[in-house]
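# Descriptive analysis of the structure
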Amino acid sequence: MHKRFSFRRAFLAALGLAAVAVPAYGPVDAARNGAITGHVELTRPPVAVGRRPGVTDLGTPTLQPMAEPQMSVVYLEVAPRGAFEQTDTTRAVMDQRNETFVPHVLAITTGTTVEFPNSDRIYHNVFSLSKTRPFDLGRYAVGRSKSIRFDRPGVVRVFCDIHSHMSAFILVFSHPFFSVTDPAGRYRIDNVPPGTYTLVAWNEGVTSESRQVVVSDAGLTETDFSLR
Amino acid sequence: MLVGVACPVGAQGLPSEPLVFADGRAVISGDVSLTASCSHAEGESACTGDTGFFNYSDYDHSTLRMARFGVTASVRINSHISALADLRIENTTARPYGAYVRIHPFIDRDFDIQAGRIPWTFGAFSRHSYSTDNPLIGYPLAYQYLTSLRPDALPLAPEDLFRMRGRGWLSSFPVGNSTPDSGMPLADAFRWDSGVQAHGTVGWFEGAASFTTGSLAHPLFLDDNDGKHLAGRAAARPLAGLVIGVSVSRAPYVTTAAAAAAHADARDFTQKVAGADVEFSRDHYLVRFETVWSAYDLPTIAPRLEASGTYLEGRYKLTPRIFVAARADHLGFNTITGTVRSLTWEAPVTRWEVGGGYAVLRNLQLRTTFQHNARDGGRIRKQTALAGQLLYWF
């Protein structure tokens with residue numbers, strides 16, 4: 001059974017439950033920490049994204065289908081206590097290349113600044129109306145980059161104001177226990193303190209049923225998901 | 001537990017992306033706009049319809065009071081050939097705007113041939129006519145305002161034109177079709193012509209040429225005067241965000257029957273048009289300038305009739321959801337001499353429009369504009385309008 005849900009709500013709920021989460025998390029326990037690994041299978045048809053037909057244009061070769069987004073994100077719904085105390089600020093990049101956001105899915109922690117370089121020969125205008133972090137970077141040309149810092153957990157849907165077929169997701173977590181799957185659907189979340197957790201898989205706005213997993217001392221826990 | 005607090009991401013229930021079929025070979029998109037307005041003409045009570053007919057695009061439709069639904073579709077037959085179609089329903093009138101085949105002969109070159117009912121070659125606004133591309137609700141005068149000239153009825157003398165100044169919504173002339181009907185704009189943004197078009201891009205230069213049946217003022221599906229419409233456009237993109245274009249067009253603009261009634265050949269009635277346009281955008285602003293000059297050969301009247309429409313428009317995004325926009329627009333005409341007076345053959349019109357929009361969703365906008373029109377002729381010479389529009393697209 002699979003459900004669609006609001007990321008903002010879920011992330012905020014996760015943040016709120018953090019106070020009662022167990023066990024403790026911190027560098028002192030690092031040697032005992034384990035990992036969660038597995039595979040996310042997508043049994044539903046890939047989300048097909050097409051360009052709006054350029055009927056009013058003088059001929060433009062706009063009819064090639066866009067790449068199919070297949071990446072999923074697996075994350076702990078409730079993180080260990082102390083996981084939110086990390087204050088490291090990092091940077092990430094979401095490129096604009098061949099009228100596509102690369103990567104299509106970016107998962108980051110709060111406090112991360114994301115760069116949006118324009119690697120195309122044409123203008124792009126990155127924007128988001130998401131409540132988590134609304135922004136509009138305006139139009140800028142090749143070779144330039146603009147950045148946005150994400151301080152609140154949630155999901156940010158990113159678009160280009162000029163090219164309506166361009167879209168991407170940024171998932172902002174308040175803890176580091178998440179993983180973006182590789183092209184084969186595999187994921188691995190490292191450095192998880194021993195304990196019992198709730199694990200969730202996400203793909204293009206669809207989430208799996210949450211799973212209970214037990215991470216033992218320095219152990220490797222395997223959990224697979226199937227998203228329809 | 002957390003899933004229990006969830007709600008559907010796609011709660012809006014309407015598509016937000018184009019509909020894709022057959023592994024991406026077929027794509028359908030659409031847009032819906034609902035526009036209402038309240039006009040106030042000089043000397044009339046408040047909140048009437050467009051009684052000055054400043055915003056009518058034909059006898060039946062005012063662009064400020066319109067429900068429009070547009071569907072566009074493309075089908076990629078193979079890597080060289082695509083079929084495209086554009087159907088629009090305005091109020092209750094359905095119009096097949098475009099239906100054509102696009103041939104892309106060279107995979108590695110940006111060159112296309114399009115045949116059928118094709119998009120305009122001329123000008124810039126003709127490709128901005130979708131609601132999403134138009135920063136305001138009203139249209140530029142050159143592409144919408146109805147002059148008194150008609151394709152099927154002809155004036156015999158300057159006085160016939162003077163009598164119709166400011167009455168392009170419903171004009172009549174003594175030669176040809178005697179039934180009153182709407183006149184023609186300089187360039188008709190609401191209908192497309194039929195024929196063949198070639199388009200190519202080399203570096204930052206772009207060129208297009210077309211050979212079609214109607215004229216810029218009177219596009220047609222089937223020819224009505226055995227004349228051909230030749231149009232060309234060249235554009236340069238020397239910088240990212242900057243487009244500079246020039247366009248030309250030449251075609252007979254009256255029907256064979258109307259020309260015969262004037263004891264002339266339809267090819268003696270030629271519309272010659274030249275245009276120039278510039279667009280520049282950067283950061284959060286967009287500025288467009290366009291001018292269209294049109295000359296109409298009319299054997300019964302000298303000198304030839306001329307008209308020019310020029311507008312400057314801009315849009316600025318204040319926040320991710322809110323934008324403001326403005327346009328200044330003027331439509332002018334040359335002076336001709338009648339038996340007792342000299343006048344411009346049509347009444348010049350000046351329009352300015354300011355407005356803004358709010359993005360409820362990425363593909364759902366609310367817009368409002370305030371428009372002021374002044375005309376040097378006609379029954380109503382000044383009119384203001386407050387318009388609102390709901391715009392949805394996928």
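Since this is a predicted model, take the numbers as computed values, not measurements. Once a new chain begins, its residue numbering starts again from 1 and follows that chain's sequence as written. The lettering of chains begins at A and the numbering of ligands begins at 1, in the order of writing. In view of the model being predicted, local features appear only for residues whose pLDDT reaches at least 70, and side-chain atom pairs are presented and counted only at 80 or more, with totals across whole chains, interfaces and linings using the full set of residues.

Before going further, it helps to spend a moment on the overall build of chain A. Think of it this way: any DSSP run of H or I at least four residues long counts as a helix, any run of E at least two long counts as a strand, and we number them from the N terminus. Looking only at helices and strands, chain A features one helix and 20 strands. Buried, partly exposed and exposed are defined by the number of other C-beta atoms within 10 Å of a residue's own C-beta, namely 20 or more, between the two limits, and 12 or fewer respectively, with C-beta atoms placed from the backbone. Each of the 228 residues in chain A was classed as buried or not, and the buried ones make up 46%.

To continue, consider the overall build of chain B. Summing up its helical and strand segments, chain B has three helices and 21 strands in all. The quantity called the radius of gyration is restricted to C-alpha atoms. Its globule counterpart is 2.2 Å times the number of residues to the power 0.38. Against the 2.2 N^0.38 benchmark of 21 Å for 394 residues, chain B shows a C-alpha radius of gyration of 22 Å, consistent with a compact globule. Dimensions of chain B, computed from C-alpha atoms along their principal axes, come out at roughly 85 × 55 × 40 Å. For chain B, with 394 residues in total, the buried portion stands at 44%. Nonlocal contacts in chain B, meaning residues at least 24 apart in sequence, comprise 58% of its contacts between residues at least 6 apart. Any residue pair is listed as a contact if its two C-beta atoms, each placed from the backbone, are within 7 Å.

Let us look at the environment of Lys272(B). Residue and element names in this part refer to chain B. Following the sequence through the fold, lysine 272 ends up in strand β13 (residues 270-282). Classification of lysine 272 as partly exposed rests on a count of 17 C-beta atoms within 10 Å. When the C-alpha atoms of lysine 272 and asparagine 334 are compared, they prove to be 15 Å apart, with 62 residues separating the residues in sequence.

Let us look at the confidence of the model for chain B. Caution applies to low-pLDDT parts of the model: their predicted coordinates are not meant to be read in detail. Residue and element names in this part refer to chain B. As a per-residue measure, pLDDT reflects the predictor's confidence and takes values from 0 up to 100. On average, chain B scores 91 in pLDDT, and the residues at 70 or more come to 96%. Of all helices and strands in chain B, the one with the weakest mean pLDDT is strand β1 (residues 19-21) (87), whereas strand β16 (residues 322-333) scores best (98). Taken together, the stretch residues 1-12 has pLDDT below 50 and engages in 25 contacts with residues farther than four places along the chain or on a different chain. Both scores are given for the predicted complex: the pTM is 0.87, the ipTM 0.81.

Turning next to the nonpolar core. Core analysis: the largest hydrophobic core is formed by 54 residues, its most contacted members being Ala142(B), Leu154(B), Ala187(B), Val254(B) and Ala258(B). Elements with a minimum of two residues in this core: α1 (141-144), β7 (153-154), α2 (158-163), α3 (256-261), β14 (285-296), β15 (305-317) and β16 of chain B. Looking at which element gives the most residues to this core, the answer is α1(B), with three residues. With near-sequence residues (within four places) excluded, Val254(B) lies in contact with Pro151(B), Leu154(B), Asn225(B), Ala259(B), Ala266(B) and Phe269(B). We call a set of buried Ala, Val, Leu, Ile, Met, Phe, Trp, Tyr and Cys residues a nonpolar core when their C-beta atoms link them within 7 Å. Membership of the second largest hydrophobic core comes to 49 residues, among which are Val114(A), Phe127(A), Tyr140(A) and Ala240(B).

Residues and elements named next belong to chain A. Read from one edge to the other, the open sheet built from five strands follows the order β7-β13-β12-β9-β10, with strand pairing classed as mixed. Strands at the two margins of the open sheet, each flanked by one partner only, are β7 (105-109) and β10 (135-140). Sheet twist, expressed as the mean angle between neighbouring strand axes with direction ignored, is 20°. Note that strand β12 (residues 154-160) and strand β13 (residues 167-173) share six bridges and pair antiparallel. Of the residues in β13, the one forming a bridge with valine 155 is leucine 171. One bridge is not enough; two strands pair if DSSP finds at least two bridges between them. The convention used is that axes are lines fitted to C-alpha atoms, helices contributing only their stretch in contact, and that angles between N-to-C directions extend from 0 to 180 degrees.

This part is about the pairing of β13(A). Taken residue by residue, a regular strand's side chains alternate between the two faces of the sheet. All names here are of chain A. Most of β13 sits out of view: seven of its seven residues are buried. Burial along β13 is two-sided: Ser167, Phe169, Leu171 and Phe173 facing one way and Ala168, Ile170 and Val172 facing the other are all buried. Relative to β13, β7 is paired through five bridges, and the arrangement is parallel. Bridge pairing in β13 places isoleucine 108 opposite valine 172.

Quick look at the pairing of strand β4 (residues 81-90) of chain B now. Residue and element names in this part refer to chain B. Bridge count for strand β3 (residues 66-76) against β4 is nine bridges, and the pairing is antiparallel. Paired with valine 75 across the bridge in β4 is alanine 83. Two successive antiparallel strands, β3 and β4, enclose a turn made up of four residues. Note: β4 against strand β5 (residues 93-103), 10 bridges, orientation antiparallel. Looking across to β5, one finds that alanine 85 is bridged to alanine 99. Hairpin remark: β4 followed by β5, antiparallel, with two residues in the connecting loop; positive phi at asparagine 91, about 55°.

Here we take up the environment of Tyr145(B). Residue and element names in this part refer to chain B. Here tyrosine 145 shows up in the loop between α1 and β7. We classify tyrosine 145 as buried; it has 28 C-beta atoms within 10 Å. Considering only alpha carbons, one finds tyrosine 145 and aspartate 60, 85 residues apart in sequence, at a separation of 13 Å. For tyrosine 145, the contacting residues outside a window of four places in its chain are Pro185, Leu331 and Val349.

Residues and elements named next belong to chain A. With mixed pairing, the three strands of this open sheet are ordered in space as β4-β8-β11. The sheet is open, and its two edges are formed by β4 (91-93) and β11 (145-150), each paired on a single side. Averaged over neighbouring strand pairs, the angle between their axes works out to 25° when direction is ignored. Both β4 and strand β8 (residues 112-117) contribute to a ladder of three bridges, which runs parallel. Across the sheet, valine 93 pairs through a bridge with glutamate 115, a residue of β8.

Moving on, we come to the confidence of the model for chain A. All names here are of chain A. Per-residue pLDDT for chain A has a mean of 81; in total, 74% of the residues score no lower than 70. In this model, residues 1-8 is a region of pLDDT below 50 whose contacts with residues beyond four sequence positions or in other chains number 29 contacts. Here residues 11-24 scores under 50 on pLDDT; set against residues more than four positions off or in separate chains, the count is 31 contacts.

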